[in-house]
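Reading the structure
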Amino acid sequence: MSDKSSLIASRPVSFGERLANSPAFADLFRTGMSLVEETASYLDGPGRQESKQLPRSAALAYATESMRLTTRLMQLASWLLLHRAVKEGEMSLAQASKEKAKVKLSSPDTHDPTNIELLPEALRALIDRSQALQLKVRRLDATIHNRTVESPPLNPVERQLGLLKAAFGAESV
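Residues numbered from 1 in each chain as written. Predicted model: local features only at pLDDT ≥ 70, side-chain atom pairs only at ≥ 80, totals over all residues. Heavy atoms only, no water.

Turning to the packing of aromatic side chains, a few remarks are in order. The final tally for this structure, using the stated rule, is two aromatic pairs. Judged by centre distance (6.3 Å) and plane angle (40°), the rings of F25 and F29 are tilted. Pair noted here: F25 and F29 are both in helix α3 (residues 23-44), with a separation of four residues, about one helical turn. Take F25 and F29: they sit in the same class, and that class is buried. Between F25 and W79, the aromatic rings sit 6.5 Å apart at their centres with planes inclined by 55°, giving tilted as the arrangement. Taken together, the residues span a long stretch of sequence, with F25 in helix α3 and W79 in helix α5 (residues 56-87) at a distance of 54 residues. Take F25 and W79: they sit in the same class, and that class is buried. Joined through ring pairs, the aromatic side chains of F25, F29 and W79 make up one cluster. (Phe/Tyr/Trp six-rings, centres within 6.5 Å; stacked < 30°, edge-to-face > 60°. Helix = DSSP H or I, 4+ residues; strand = E, 2+ residues; numbered from the N terminus. Buried < 20%, exposed > 50% of the residue type's maximum accessible area, 1.4 Å probe, protein only.)

On to α3. Here α3 is 22 residues long and its end C-alpha atoms lie 32 Å apart, about the 32 Å a rise of 1.5 Å per residue gives. Buried residues of α3: F25, A26, L28, F29, G32, M33, L35, V36, T39, Y42 and L43, and no others. (Expected span 1.5 Å × (residues − 1).)

For the chain, per-residue confidence averages 80 on the pLDDT scale, and residues scoring 70 or more make up 71% of the total. For the stretch residues 147-152, pLDDT sits under 50, and the model shows four contacts to residues farther than four places along the chain or on other chains. (pLDDT = per-residue confidence, 0-100. Contact = heavy atoms within 4.5 Å.)

Inspection of helix α6 (residues 93-100) places L93, A96 and K100 among the buried residues, and these make up the whole buried set. An end-on view of α6 places all buried positions within 55° of arc, on one side of the element. Pointing more than 90 degrees away from the buried face of α6 are the exposed residues A94 and K98. (Arc of directions from axis to C-beta.)

Written out as structure tokens, the structure is:
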């Protein structure tokens with residue numbers, strides 16, 4: 001094996017880059033972007049009409065939860081677009097990691113069940129689907145970005161030689 005091919009073979013596999021290029025990521029991306037479009041269509045169309053017919057307390061819950069929903073989906077879309085850029089070769093995973101710090105993938109919101117019951121069924125379904133997507137993205141994010149690549153352990157003999165060199169100030173032992 002040549003020196004160059006042994007270096008390539010010994011380089012760790014970037015799980016994050018592989019995952020961003022996988023069919024599973026492509027499906028997740030399509031699902032996420034479809035959910036964004038579906039939510040926008042609902043909130044601009046039928047949702048707007050439904051919200052006008054709600055009693056005051058339900059209308060307040062609707063406004064609060066629809067804002068949480070759109071915020072959650074925009075954060076998820078940002079994360080998905082960053083990782084699609086990695087897939088397309090437009091940025092490295094390291095660059096995406098730095099940009100990802102601007103994206104808030106917080107834990108799913110806790111809701112007052114009484115308020116959620118006041119909401120139209122279609123909005124509740126969108127909230128549930130967005131939270132499920134958020135959970136998938138958070139798991140994937142933890143897998144991709146919290147993985148530390150450790151350098152291979154030093155040869156024990158090299159370590160001892162290094163200690164001897166340091167102790168005796170010698171260039172070679």
